[in-house]
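# Observations on the model geometry
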Amino acid sequence: MQWRLRVKAKGSRGGSSHGGSTAHLTPLSSPQHPDQVYLQPHGPLLVGLPGGWADVPVLHDAVAGLTTVLPLHLCDWAEVSYWDHRCHLQEGSGYHQRSQTCVHCGGNCQPHVSGCPALHGPCPLPQSAVVSTPADHPGDLLPLAASVAILPAEAREERETWRENLGPSVLAGVALMVLLIPLNGAVAVKMRAFQVEQMKLKDSRIKLMSEILNGIKVLKLYAWEPSFLKQVEGIRQGELQLLRSAAYLHATSTFIWMCSPFLVTLITLWVYVYADPNNVLDAEKAFVSVSLFNILRLPLNMLPQLISNLTQASVSLKRIQQFLSQDELDPQSVERKTISPGYAIAIHSGTFTWAQDLPPTLHSLDIQVPKGALVAVVGPVGCGKSSLVSALLGEMEKLEGKVHMKGSVAYVPQQAWIQNCTLQENVLFGQALNPKRYQQTLEACALLADLEMLPGGDQTEIGEKGINLSGGQRQRVSLARAVYSDADIFLLDDPLSAVDSHVAKHIFDHVIGPEGVLAGKTRVLVTHGISFLPQTDFIIVLANGQVSEMGPYPALLQRNGSFANFLCNYAPDEDQGHVEDSWTALEGAEDEEVLLIEDTLSSHTDLTDNDPVTYAVQKQFMRQLSALSSDGEGQGQPVSRRHLGPSEKVQVTEAKADGALTQEEKAKIGTVELSVFWDYAKAVGLCTTLAICLLYVGQSAAAIGSNVWLSAWTNDAMADSRQNNTSLRLGVYAALGILQGLLVMLSAMAMAVGGIQAARVLHQALLHNKIRSPQSFFDTTPSGRILNRFSKDIYVIDELLAPVILMLLNSFFNAISTLVVVVASTPLFAVAILPLAVLYTLVQRFYAATSRQLKRLESVSRSPIYSHFSETVTGASVIRAYNRSRDFEVISDTKVDANQRSCYPYIISNRWLSVGVEFVGNCVVLFAALFAVIGRSSLNPGLVGLSVSYSLQVTFALNWMIRMMSDLESNIVAVERVKEYSKTETEAPWVVEGSRPPEGWPPCGEVEFRNYSVRYRPGLDLVLRDLSLRVHGGEKVGIVGRTGAGKSSMTLCLFRILEAAKGEIRIDGLNVADIGLHDLRSQLTIIPQDPILFSGTLRMNLDPFGSYSEEDIWWALELSHLHTFVSSQPAGLDFQCSEGGENLSVGQRQLVCLARALLRKSRILVLDEATAAIDLETENLIQSTIRTQFDTCTVLTIAHRLNTIMDYTRVLVLDKGVVAEFDSPANLIAARGIFYGMARDAGLA
């Protein structure tokens, strides 16, 4: 990075002059500190800042020989983040050209909002701040440190001038200045404490909001929104309380800051006039002293601000440091280069844990996998199967032992990770397109039929987290990504659980098995299924984190160990033979691939399995079947099936126009509507707004009054060369000054009250609207876009908007005061006002339009950063497994760069503004001085001094006002964006007071659909068409059908997640559309397919409202087979679940969802294939729990494994949104229709 510093050395006021020589720098390096560069000045120098020119007036005697030290790592940071600070002191004016209320100058503005005239623009956010606020603070120190560094030079210069003007009496004023420093320091320390607390609360609020957005569907299904609403509002209340305290403290600090220069002037003048009767206060002494004190007060007041920013920066740096110092994965934990010949994977005495402070999850593992082998890993829920895969990937802490893995790796996680991009991009995952290999991959992974159903084929955009794919489709895309990668080793974590048995068979045969496309590759397959185990090379059986048995399938059966017993229980020989026969029959069929199109998945499912029927259920089903007369057999028509010929090729290049799901966020254009300002004024409170304006009028009047009084006082000396009524003059001057300070403090406090009130109202409106938004809104809006409103936009409203308004009012009244004083002093000046006003307006309008649009672009380009960051964190293990970390860093950097592209022009526009406004300001000074000279015969010196000293401030006032106006418009965009999302369409009311269901409803649980049709969103096709059926109370009904048949849609309609296009649903005769959503949803229970948990205690995840006793909760845990696990935890029910329940296995999370259902125990239970992620043994226990505990309830089960519903009362077969078949399983088998085909495929018919 190049450093360019231009430093002009001017003659000091003290006497000797150095002409106008320019100092230059020589960079020197230090062997002791290689990361620092010393800039050794030749000639006089004060200080320079990175990123541009620094024009600093320098006094040779004050800084001779000074060496400036700037660490290089700060320079790099400055360069990356586009810092562009310039320090400019206008020496000739006698006025330090900085804001009287800027954060860099001890005021109350915020960095990177607007900056100040000292910077000629804002400090943009550092790159890291796009994801986290703490990164803002360290950068604020650069301009502050420079400003404080000039303090010794200024003090020395002014000491000489004061000595000439006022003599020793100046020491009294200096003494007071020094005494005020510790007071300001104390305020800064207290504010630091508030800052620390507020950061913690903000973090927890954003984290909770992120979880709510990720689990919003679950919250709606369980009617849990009020509980989480209360949690967010509780955190928000604490946050606002801290903001309020900090604002009051800041107002007090402002009062001290406003009064201190005035008090210093007052005391100095008081000592001067009373020290010697001959001392006469004339215009020269009075106004030169006031100007000098104004210059000195700015760096002095920056000192406490520097201390405050140092503390803020230290808090932020500690937080960043703590984050960066977290334990990282050891890249050397898996040895990639050496391994015993003939092997691909080897673990020797391996012990692994998820964190150093946790007990080992896997211990004493000794595993060797030959090259090209297919290895199955089996075992009960929570035994460590997924952990073993993570250990091989290097995702776990290795406590002891060695892990060797030779070759590239492909990984298919248990819960598929899908990117928000096209389906093709998800499969290619950064690799170049090879059409032939791509085609083979899609065929092998059974994706061709799905591509026909998707609107844009393989160019369809997949929503966040794969929202518009079914669970089976997501898993197959994830598998296709692995197959296409053509790696050496494939780690497959239960990929077959999310697909139906016939699709699982296809995938095993064509991809994973001995004849599949991965034959010859090393494959580690975690599975709960047992039908494929005979075809594996050998099997690893895990129990309690250890290998209990290991060996080929026949050898394990002969051992008669735990694995053999397990197989005997769940696959008796006769049934095994039956299953194998059915597979053999299918293999012989020409149309085997045809079965793929009947993947019986719901449109929003995640985990299923492919296991054969359990013995007891099959016996019962056989009895039902034998009771049928043989006449019914063979009458059903065979299901028409379609061949997927090898000639069918997918169009891989053409993107269909309708493949997009989420709309790109658009930046608004043009001026911000007045209604947005009105909305904010109403949120602040109209009375408060009026009070603030009146207080500022009073403050300006007091300021003018005190200066006019001083002017009149100096005129006394001109009249008779001595001064009378000194006590009266000092007393009135003091009273006016103190009044001004009090009015400023009151206006700051009023703005604090109004600003906090507005922040509370706007956040509350946003939160309540989003919690009540329909599910379709969350399906089509990226969570990063919503989270951006809750983080960045709310931060602007909380902390930046009120100070900007205060500064705008301050500079506006300063500018008006200046014009009033100058026109009153020199009436001729009125002639120059009109042309200057026109010029000023032109500059302002051109600048405002540019900066406003740049700010909007910056806001819009920030959301993709959040979304991509969130997506990357979720899929970190997959990204690392495929060795694509660097690519994702580049993508993230590119998105940050796109965001910064609108920041840098914003700074340049500020620089342009400063040139234009300074020209106008200098014209004002010129005309004020010119007209004073022209009318010198009629003007007294006091008025001239007053006029010129005010006109010297006008450059600042005009510059600051224009910037604050545009800045207000830029920041009010946050209100516009928050308002936009506070007025989106909401779902039906939670409670309809005049139409509440009777107590104890529903008594029977009868569900009736009458001519019911529904679509996901307006403009889309119907997903259910004229559905008419009745489920009697207490019936057990299984719901089956192909992907997209409308199974999940039907259950979502029951909960009114989707609202009817026509028709109605009645539960026990009551139309569900007539009652409130919470009255409905709280009386239904669902065990969803995606088991979502929230960070917090296990108790909160089971009972967020605290409405059940501890005995009830333990009873539910007992029945859901979690009692042993929870009681083994030291915290018991207060066991802390991590975000998303990541510290529990998927199976355990599913059991928690079952416990929720047991606690609620409503009349109607909906199961969305809730037992897919658990082993057969636990599943058997759960099915028996459901049969006993919900025996009198109406149970609707979306079934992917038909064995779970073969003993149900009836089975509903859906096809393309209509009822295809609806009868008992035995009758449907006999009818030889669609259900018969499915049962035959699963080996049940």
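In this report, we go over the structure that sits alongside the text. (Residues numbered from 1 in each chain as written. Predicted model: local features only at pLDDT ≥ 70, side-chain atom pairs only at ≥ 80, totals over all residues. Heavy atoms only, no water.)

## What to know about helix α12 (residues 435–444)
We apply this condition: Only protein chains enter the area calculation, which uses a 1.4 Å probe; residues under 20% of their type maximum are buried, those over 50% are exposed, and those in between are partly exposed. Strands are runs of DSSP state E lasting at least two residues, helices are runs of H or I lasting at least four, and both sets are numbered from the N terminus onward. The criterion used for residue contact is that any of the two residues' heavy atoms lie within 4.5 Å.
Of all the positions in α12, only Tyr-438, Gln-439, Thr-441, Leu-442 and Ala-444 are classed as buried. Looking at the buried positions of α12, the neighbouring elements they touch are α11 (423–428), α13 (448–453), α14 (471–485) and α15 (501–512). Once α12 ends, the next one or two residues include Ala-446, with phi positive near 55 degrees.

## Structural notes on the packing of helix α6 (residues 170–214) against helix α24 (residues 783–825)
Keep this limit in mind: To get an axis, fit a line to the C-alpha atoms, keeping to the stretch in contact for a helix; angles then go from 0 to 180 degrees between the N-to-C directions. Here roughly perpendicular refers to angles of 65 to 115 degrees, roughly parallel to angles under 35, roughly antiparallel to angles over 145, and oblique to all remaining angles. Note: crossing handedness is left-handed where the near helix turns anticlockwise from the far helix by less than a right angle, and right-handed where it turns clockwise.
Where α6 contacts α24, the two axes come as close as 10 Å, and the packing angle between them is 155 degrees. Taken together, α6 and α24 sit at an angle that is classed as roughly antiparallel. Taken as a pair, α6 and α24 cross one another with a handedness that is right-handed. Here α6 contributes Gln-198, Lys-202, Arg-205, Ile-206, Met-209, Ser-210 and Leu-213 to the contact with α24, which in turn contributes Ser-783, Ile-786, Leu-787, Phe-790, Ser-791, Ile-794, Tyr-795, Asp-798 and Glu-799.

## What to know about the sheet that holds strand β7 (residues 362–370)
Counted only if it meets this: DSSP calls a pair of strands paired once it identifies at least 2 bridges connecting them.
An order of β5-β9-β6-β7 is seen for the 4 strands of this open sheet, with the pairing classed as mixed. At either end of the open sheet lies a strand with only one pairing partner, and these are β5 (334–335) and β7. Relative to strand β9 (residues 397–405), β5 runs parallel, the two being bridged by 2 bridges. Opposite Val-334, over in β9, you have Val-403 as the bridge partner. Contacting β5, β6 (343–353), β7 and β9, helix α10 (residues 385–393) runs over the sheet at an angle of about 70 degrees to β7.

## Comments concerning the packing of aromatic side chains
Each aromatic ring pair is specified by the distance between its two centres and by the angle formed by the two planes. Test applied: Between rings of Phe, Tyr and Trp, where Trp is taken as its six-membered ring, a pair exists when centres lie within 6.5 Å; planes separated by under 30 degrees are stacked, by over 60 edge-to-face, and by other angles tilted. Here, a charge over a ring means that NZ of Lys or CZ of Arg falls within 6 Å of the ring centre while also lying within 35 degrees of the ring normal.
The final tally for this structure, using the stated rule, is 17 aromatic pairs. Measuring from ring centre to ring centre gives 5.3 Å for Phe-429 and Tyr-882, while their planes differ by 70 degrees; the resulting arrangement is edge-to-face. With Phe-429 in the loop between α11 and α12 and Tyr-882 in the loop between α27 (876–881) and α28 (885–900), the pair connects residues that are 453 residues apart, well separated along the chain. On the accessibility criterion, Phe-429 (4% relative accessible area) is buried. On the basis of relative accessible area, Tyr-882 is assigned to the buried category, the value being 12%. With a centroid separation of 5.3 Å and an interplanar angle of 50 degrees, the aromatic rings of Phe-846 and Trp-912 are classed as tilted. Here Phe-846 is found in helix α25 (residues 830–860), whereas its partner Trp-912 is found in helix α29 (residues 903–934), with 66 residues between them in sequence. Taken together through their ring pairs, the aromatic side chains of Trp-417, Phe-429, Tyr-882 and Phe-888 make up a single cluster. In this structure, Arg-481 is placed above the aromatic ring of Phe-429, and the distance from its NZ or CZ to the ring centre is 4.9 Å. The aromatic ring of Trp-990 is capped on one face by Arg-772, whose charged end is 3.9 Å from the ring centroid.

## Focus: the packing of helix α22 (residues 726–771) against α24
Helix packing for two helices is described by the angle between their axes and how far apart those axes are. One way to put it is that α22 packs onto α24 with a least axis distance of 9 Å and a crossing angle of 165 degrees. One element, α22, and the other, α24, form an angle in the roughly antiparallel class. α24 is crossed by α22, and the crossing has right-handed handedness. Side by side, α22 and α24 meet where Ser-747, Ala-748, Met-751, Gly-755, Ala-759, Leu-762, His-763, Leu-766, Leu-767 and Lys-770 of the first sit next to Ile-786, Arg-789, Phe-790, Ile-794, Ile-797, Asp-798, Ala-802, Ile-805 and Leu-806 of the second.

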